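# Observations on the model geometry
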Amino acid sequence: MDLTVTNLACARGGVTVLERVSFGLSGGAALILRGPNGIGKTTLLRTVAGLQPAVAGEISMPPEAVAYAAHADGLKATLTVAENLAFWAAIYGTDRAPHAIQRMNLAALADRQAQNLSAGQKRRLGLARLLVTGRPLWVLDEPTVSLDAASVALFAEAVRAHLAEGGAALMATHIDLGLAEAEVLDLAPYRAETPAGAEPADDPFAGVTA
Ligand SMILES: Nc1ncnc2c1ncn2[C@@H]1O[C@H](COP(=O)(O)OP(=O)(O)OP(=O)(O)O)[C@@H](O)[C@H]1O
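With an unreviewed UniProt entry as reference, the chain is termed Heme exporter protein A, source organism Cereibacter johrii.

## Observations concerning helix α4 (residues 119–133)
Helix length check: α4 (15 residues) gives 22 Å between terminal C-alpha atoms against 21 Å at 1.5 Å per residue, within 8%. α4 sits mainly inside the fold: 12 of its 15 residues count as buried. Along α4, the residues classified as buried are Q121, R123, R124, L125, G126, L127, A128, R129, L130, L131, V132 and T133. Elements in contact with the buried residues of α4: β5 (66–69), α2 (81–92), α3 (97–103), β6 (137–141) and α5 (149–164). Following α4 by one or two positions, G134 adopts a phi angle in the positive range, close to 70°.

## What to know about the sheet that holds strand β2 (residues 15–26)
Hydrogen bonds along the backbone pair up the strands of a sheet, which may run parallel or antiparallel. Taking strand neighbours across the sheet as the criterion, the three strands line up as β2-β1-β4 in an open arrangement whose pairing is antiparallel. Here the strands that pair on one side only, and so sit at the sheet edges, are β2 and β4 (56–59). Pairwise comparison of adjacent strand axes, ignoring direction, gives a mean angle of 20° for this sheet. With three bridges joining them, strand β1 (residues 2–12) and β4 adopt antiparallel strand pairing. Bridge pairing in β4 places T6 opposite E58. Contacts from helix α1 (residues 41–48) reach β1, β2 and β4, with the element oriented near 125° to β1.

## Brief notes about the nonpolar core
Ranked by size, the top nonpolar core spans 55 residues in total, and within it L85, A128, V139 and L170 carry the most contacts. Sort the elements by how many residues they give to this core and α4 lands first, with six residues.

## Some points on the site of the ligand
With respect to spatial proximity, 15 residues lie near the ligand, and among them G13, N37, G38, T42 and T43 are the closest. Examining the composition of the shell around the ligand, we find that three residues originate from one element, α1, more than from any other. Residue classes in the shell around the ligand are distributed as five nonpolar, seven polar and three charged.

## Describing the environment of G35
The residue G35 is located in the loop between β3 (30–34) and α1 in this model. The exposure class assigned to G35 is partly exposed, which follows from the 19 C-beta atoms found within 10 Å. Sequence-distant contacts of G35, that is, excluding residues within four places in its chain, are made with K41, D186, L187 and A188.

## A few points about unusual backbone geometry
With phi around 55°, N105 is a residue other than glycine that occupies positive phi space. Its place among the elements puts N105 in the loop between α3 and α4. Note on N105: 14 C-beta atoms within 10 Å, which makes it partly exposed. Of note in the backbone geometry, E142 takes a positive phi value of approximately 45° without being a glycine. Judged by the 17 C-beta atoms lying within 10 Å of it, E142 is partly exposed.

## Remarks on the sheet that holds β5
Strand order in the open sheet made by the five strands is β5-β6-β7-β3-β8, with parallel pairing throughout. The sheet is open, and its two borders are formed by β5 and β8 (183–186), each paired with just one other strand. Averaged over all neighbouring strand pairs, the angle between strand axes comes to 20°, with direction disregarded. Two strands pair when backbone bridges link them, and β6 and strand β7 (residues 168–172) are joined in this way by five bridges, in the parallel orientation. Paired with W138 across the bridge in β7 is A169. Along the sheet, α1 makes contact with β3, β6 and β7, crossing β7 at roughly 150°. Docked against the sheet, α5 engages β3, β6 and β7, running at close to 140° with respect to β7.

What counts, and where the lines are drawn
Residues numbered from 1 in each chain as written. Predicted model: local features only at pLDDT ≥ 70, side-chain atom pairs only at ≥ 80, totals over all residues. Helix = DSSP H or I, 4+ residues; strand = E, 2+ residues; numbered from the N terminus. Expected span 1.5 Å × (residues − 1). Buried ≥ 20, exposed ≤ 12 C-beta atoms within 10 Å, placed from the backbone. Contact = placed C-beta atoms within 7 Å. Pairing = 2+ DSSP bridges. Axes fitted to C-alpha atoms, helices over the stretch in contact; angles between N-to-C directions. Core = buried A, V, L, I, M, F, W, Y, C linked by C-beta atoms within 7 Å. Near = placed C-beta within 6 Å. Nonpolar A, V, L, I, M, F, W, Y, C, P; charged D, E, K, R; others polar.

Shown next as structure tokens:
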């Protein structure tokens, strides 16, 4: 699997926030997006995942190759952990639910309704969906929110296993997952000029003089 992003521009609320972003990502590799709050990490990730159109540029991989995990876990509240995973396995046409349960240490919670899980357990289940998809490119937006140290380590191990199987990961994270092989892309140089008509409040650097 090879992802090539070329001269990408992406927008939020109709305002272009990043432009001329280019990078490549091969199977087995991880790329971490860096930049201050509001630079456009979420916007870029959503664009690569095909959840919103690019303003300009090319993304070589189709959305069907991407498994996206964001802040919302997308759980079915009244289904159990096992039923949620079986639901996703049916959606993605895989038989990987047992693998996901084992990898994300969810066996003891398999019969609990999602609505009765703790925040961290919900997050763990949400991330288990990635494993169910069987898709090569994981696009991750702050995947470790709500996770304790043990669960962060569990997830980091799942990402490592995904990379070892030839998959790739593109992520925004403030927590070091300890992926020695990960490269970092600083988005600061790609910040778009504030367009005419944009509200000053929309500019994350408004009022910053140094
Ligand atoms: N309606 C809008 N019009 C203009 N700009 C907007 C609008 N909605 C959001 N934005 C801005 O788009 C920018 C990109 O937001 P995004 O969530 O992608 O940033 P981020 O780098 O992921 O931030 P964080 O690190 O805080 O999660 C932000 O500066 C935000 O204020």
